[in-house]
Amino acid sequence: MPQHQYRAFKNTFGEFGGRYVAEVLRPPLDELEAAFIAAMNDPQYRAEFDSICTEYIGRPTPLLHARNTSREIGGAQLYIKLEGLANTGAHKINNAVGQALLAKRMGKTRIIAETGAGQHGVATAAICAKLGLECCIYMGEVDIARQKPNVFCMELYGAEVRPVSGGSRTLKDAVNEALRDWASSFANTHYLIGSALGPSPFPDMVREFQSVVGQETKAQLKAAGATPDALVACVGGGSNSIGFFSPYLESETPRLIGVEAGGRGMNTGEHAARMNGLGKTGIVQGYKSLFLLDDDGQVQATHSVSAGLDYPGIGPQLAHLGSIGRIEFTRATDTEALDALKLFARNEGVIFALESAHGGAAALKLAAELPPSATVVVNMSGRGDKDIFITAREIAPESWKRFLEQEVQTL
Amino acid sequence: MSTTAIMAHMIPYFPDRELSYAAAHGLIDSKVDYLEVQFPFSDPSADGPTIEDACGRALASGFSTARGFEFVHTLVDRGAPPVFIMTYAGIAYASGVKEFCDLAKQSGAAGLIVPDLPYDYDEGLYEAGIAQGLAVVPVVAPSTTPERLAEVLRGRPEYVYAALRVGITGAATELGQDNLEFLDRVGASGAKVLAGFGIRSRDQVRMLSEHVHAVVVGSAFVKAISAAAEAAGPDEPAAAAEAVYSAVETLVSALRPD
Ligand SMILES: Cc1ncc(COP(=O)(O)O)c(C=O)c1O
């Protein structure tokens, strides 16, 4: 973790961010901000975080030069930050560890969290098991159905997974349910939010805990003698991207490219892309940012093949950095993500999570447009094990069906 | 004489347009003292399952912000008691907070309650509301610190909504000495205290009567309306409207302490 004196943050990013919550939630947020700043200035807390990073998460995660792919496309040198090799399978664990340690310092005994793909739920459940904290994960019924392996793991770690049946039964509804829980439980409970969004201080906090991804990548590139021309990451709420980009936010280079879920088309309800004019400024779930809204401000339906990108809002700092042009945004469709996933599996022996494969798809496109002297780095925020029920159905439906039928018979 | 005022909460277009008008008429005719009209939001993260479901149904029945103001206007024309529009920040912000205040004023509303636009993140709500002569009602909770409460009250609001416990709407509330002391602290400022969250019985109303200006009853009305509509079924709209009308009347008289 960076050793600079941590300064109090401003709670807003340009016109975005803020702490738009009912008074009932003010005390826990105010308490959290104070505890976070104190922890960041406490060398003992940082040392504890760093030690869990090495002995438990498995940091640093490798930076892979994707030589076969670079050669095949004949463009830029493509590097892949293998963040999915972190214990529990995704970048989510960095933030879960940071916040769980903080919660413990604050004397909280219970952790609640929302999860979409289940990666954040798995990370939270795992670190709670390790630190001896009670853990309750809210997860939409739709996501429970499509990310069953993660539900199984969360329960194995001893967490309670509470299905959420309200609204669209996906990630945003799980956030609502966690907020409802927290409004009466905050005396002993910490809400361990999983992305760089929500009311302040969450976006600042999550970025800080995820910045380890960017810092490592920067050092690894330097060691490899490469200067990045572009960094590419998928963007759901924005935690892996803001952490990956964090060392470069104040400079003009490299290009920073966020990739949103293009889903299966650009009609309402068919995608989850909020940038490039698709989202409207609004206030939802305690923060101001760009959201997919109708004219009355009602939140609209979203779709993505990847549960982790299937969310109508984007973290406020990303919305701001997009509006001032520091971060460019593009999208990848469901199909493009699946194609990228197949390509990297075959060329590099690496299976991307479906979320990360959106970044992979955009990185492939960009690399093809650049000369071999250029360097493009993509963050593989997660590995694809959890997605097997989706990818197998999409890629090899017949043999997968036969396998499942056999499984049912042997049960 | 303890004539604690009752503020009845309802949701336009829940369970549908006609039945929500029937409910409102029942509330007006049974002489509740205030109406709290909640403009539904797709993501009501401060509401429990009863109001969350009702908001979802209202949106599915065609609620829009414009129709919400039309609803309020119609009730005011029919002689409604003071109407307070309650909603979430996202809805007020989408119209533009100032525009939302203008429209609220034009509809005849007396005030606005937007819990997630607190005074220090209000998007200009307090200024615009006051300029329009609307009462902007801050919402405080027992967890609100004395320092923060002082800040909330510094703007000398005419009304303050005091949640009787932490948490969300819907769940039962055990009233104890703590609640009453909290209400007295809020009321000491001279603001008229509207107290709610989990109120569903005459005993609770009676217990609060010395400590508040009005008692707010929300989920209990939503449940009564929903039960009446369901019992009547979808085939006889006129009968359903009558059932909803009398269900709210029955609940109002069950709550009145006399
Ligand atoms: C592997 C992976 N990548 C990315 C995301 C998207 O979240 P964020 O934008 O916060 O990184 C998720 C969310 O579940 C995820 O599991």
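Criteria and thresholds
- In every chain, residue numbers begin from 1 and rise along the written sequence.
- Think of it this way: whatever chain is written first is A, whatever ligand is written first is 1, and the rest follow in order.
- Residue-level local features of this predicted model are given only where pLDDT is at least 70; pairs of side-chain atoms are given and counted only at 80 or more, and the full residue set underlies all totals for whole chains, interfaces and linings.
- Values shown for side chains rest on all heavy atoms present in the structure; no hydrogens or waters enter the calculation.
- Runs of H or I in DSSP of at least four residues are treated as helices and runs of E of at least two as strands, each being numbered from the N terminus.
- Note that the radius of gyration is over C-alpha atoms, with the globule rule given as 2.2 Å times the number of residues to the power 0.38.
- Note on exposure labels: buried denotes an accessible area under 20% of the residue type's maximum, exposed denotes more than 50%, and partly exposed covers the range between, all computed with a 1.4 Å probe on protein chains only.
- Here, two residues are considered to be in contact whenever any of their heavy atoms come within 4.5 Å of each other.
- For any pair of parts, buried area is found by adding up, for both, the accessible area (1.4 Å probe) each one loses once the two are put together.
- Whenever a carboxyl oxygen of Asp or Glu lies within 4 Å of a side-chain nitrogen of Lys or Arg, that contact is scored as a salt bridge.
- Whenever a nitrogen or oxygen atom comes within 3.5 Å of another N or O atom, the pair is scored as a polar contact, on the condition that within protein one atom can donate a hydrogen and the other can accept it, and that pairs from neighbouring residues in sequence are kept only if both atoms are in side chains.
- A pair of sulfur atoms, both from cysteines and within 2.5 Å, is called a disulfide here.
- Domains are outlined according to an automatic or database domain assignment.
- Nonpolar cores are built from buried Ala, Val, Leu, Ile, Met, Phe, Trp, Tyr and Cys residues. Side-chain atoms within 4.5 Å join them into one set.
- Working definition: rings of Phe, Tyr and Trp (its six-membered ring) pair if their centres are within 6.5 Å, and the pair is stacked with planes under 30 degrees apart, edge-to-face with planes over 60 apart, and tilted otherwise.
- Only lysine NZ and arginine CZ atoms are considered, and such an atom sits over a ring when it is within 6 Å of the ring centre and within 35 degrees of the ring normal.
- When DSSP finds two or more bridges between a pair of strands, those strands are recorded as paired.
- Residue proximity to a molecule or strand is established when one non-hydrogen atom of the residue lies within 4 Å of it.
- Only the protein chains shown count as cover for residues, and all accessible areas are computed by the Shrake-Rupley method using a 1.4 Å probe.
- Axis angles are defined between N-to-C directions and span 0 to 180 degrees, where every axis is a line fitted to C-alpha atoms and, for a helix, only to the segment in contact.

### Section: the overall build of chain A
Looking only at helices and strands, chain A features 15 helices and 14 strands. A compact globule built from 411 residues would reach a C-alpha radius of gyration of about 22 Å, and chain A, at 20 Å, matches this within 12%. Along the first, second and third principal axes, the C-alpha set of chain A runs to 55 × 55 × 50 Å. For chain A, with 411 residues in total, the buried portion stands at 65%.

### Quick word on the interface of chain B and chain A
Facing the 34 residues of chain B at the interface are 33 residues of chain A. Each partner contributes to the roughly 2,600 Å² buried at the junction of chain B and chain A, and carbon and sulfur atoms together form 52% of this total. Of all residues in chain B, B:Asp43, B:Tyr93 and B:Tyr121 bury the most surface against chain A, accounting for 24% of the area lost on that side. Taken together, chain B and chain A are joined by 5 salt bridges. Taking the shortest distance from any N to any O, the salt bridge between A:Arg180 and B:Glu52 comes out at 3.7 Å. Run the count over chain B and chain A and you get 14 residue pairs in polar contact (both at pLDDT 80 or more).

### Things to note about the state of the cysteines
Residue and element names in this part refer to chain A. Counted according to the given criterion, the structure contains 0 disulfides over all chains. Free of any disulfide, Cys234 has its nearest cysteine sulfur in Cys53, 20 Å distant. By relative accessible area, Cys234 is classed as buried at 2%.

### Concerning the domain arrangement of chain A
Residue and element names in this part refer to chain A. Splitting chain A by domain gives domain 1 (13-56 + 91-202) and domain 2 (59-89 + 210-395). The centre of domain 1, based on its C-alpha atoms, is set 22 Å off from the matching centre of domain 2. Residue-level contacts link 41 residues of domain 1 with 42 residues of domain 2. Roughly 3,400 Å² is buried in total at the junction of domain 1 and domain 2, and carbon and sulfur atoms are behind 60% of that figure.

### Some details on the nonpolar core
It is characteristic of soluble globular proteins that their nonpolar side chains tend to be buried jointly. Residues A:Leu102, B:Leu27, B:Leu35, B:Ile85, B:Leu183, B:Leu208 and B:Phe221 are the most contacted members of the largest nonpolar core, which totals 199 residues. Residue assignment places this core across two domains, with domain 1 (13-56 + 91-202) and domain 2 (59-89 + 210-395) of chain A each supplying three or more. In this structure, A:Ala66, A:Ala357, A:Ala374 and A:Val376 belong to the second largest nonpolar core, which totals 31 residues.

### Notes on the environment of B:Lys31
Residues and elements named next belong to chain B. Positionally, Lys31 belongs in the loop between helix H1 (17-29) and strand E2 (34-38). The exposure class assigned to Lys31 is exposed, which follows from its relative accessible area of 61%. Distance from Lys31 to Val248, taken between C-alpha atoms, is 11 Å for residues 217 residues apart in sequence.

### Considering the packing of aromatic side chains
In total, this model carries 22 aromatic pairs over all chains according to the counting rule given. Considering the side-chain rings of A:Tyr191 and A:Phe202, the 5.9 Å spacing of their centres and the 65° angle between planes classify their relative orientation as edge-to-face. With A:Tyr191 in strand E8 (residues 189-191) and A:Phe202 in helix H9 (residues 202-223), this residue pair connects regions lying 11 residues apart in the sequence. Owing to a relative accessible area of 1%, A:Phe202 belongs among the buried residues under this scheme. One aromatic cluster in this structure is built from B:Tyr13, B:Phe39, B:Phe63, B:Phe69 and B:Phe100. The aromatic ring of A:Tyr56 is capped on one face by A:Lys130, whose charged end is 5.4 Å from the ring centroid.

### With respect to the pattern of salt bridges
Here the structure, examined in full by the defined rule, presents 41 salt bridges over all chains. For A:Lys386, the salt bridge is made with A:Glu355, and the minimal N-O distance between the two is 2.8 Å. Placement of A:Lys386 in the loop between strand E14 (375-379) and helix H14 (388-395) and of A:Glu355 in helix H13 (residues 354-369) is noted, with a sequence separation of 31 residues between them. With respect to class, A:Lys386 is no different from A:Glu355; both count as buried. Residues B:Asp29 and B:Arg78 are paired through a salt bridge, measuring 3.1 Å at the closest nitrogen-oxygen approach.

### Looking at the pairing of strand E12 (residues 287-291) of chain A
Regular strands place side chains that alternate from one sheet face to the opposite one. Of all 5 residues that make up E12(A), 5 are buried, and the element is covered over most of its length. In this antiparallel pair of consecutive strands, strand E11 (residues 280-284) of chain A and E12(A), the connection spans 2 residues, and A:Gln285 shows a positive phi of 50°.

### Considerations on the site of the ligand
Residues and elements named next belong to chain A. The immediate surroundings of the ligand are formed by 20 residues, with Ser195, Gly236, Gly238, Ser239 and Ser381 found nearest. Ser195 is positioned such that a nitrogen or oxygen atom in its side chain is 2.5 Å from an oxygen atom of the ligand. Between the ligand and the protein, one listed contact pairs a nitrogen atom with a side-chain N or O atom of Ser381 at 2.7 Å. Expressed as a share of its isolated accessible area of 390 Å², the protein-covered part of the ligand is 97%.

### Examining the sheet that holds strand E1 (residues 5-10) of chain B
By way of backbone hydrogen bonds, the strands of a sheet pair with one another, either parallel or antiparallel. Residue and element names in this part refer to chain B. Here 9 strands make up an open sheet; going across it, the order is E5-E4-E3-E2-E1-E9-E8-E7-E6 and the pairing parallel. The sheet terminates laterally at strand E5 (135-136) and strand E6 (139-140), the two strands that pair on one side only. In the sheet, E1 pairs with strand E9 (residues 214-217) via 4 bridges, with the strands oriented parallel. In the strand pairing of E9, Ala5 is matched with Ala214.

### Points about the sheet that holds strand E3 (residues 63-65) of chain A
All names here are of chain A. Spatial strand order, E3-E4-E14-E9-E10-E13: 6 strands in an open sheet with mixed pairing. The open sheet terminates on both sides in strands that have one partner only, identified here as E3 and strand E13 (327-333). Strand-to-strand twist across the sheet, computed as the mean angle between neighbouring axes with direction ignored, equals 25°. Pairing geometry for strand E9 (residues 230-234) and strand E10 (residues 255-263), over 5 bridges, is parallel. Each bridged residue has a counterpart across the sheet, and for Ala233 the counterpart in E10 is Gly258.

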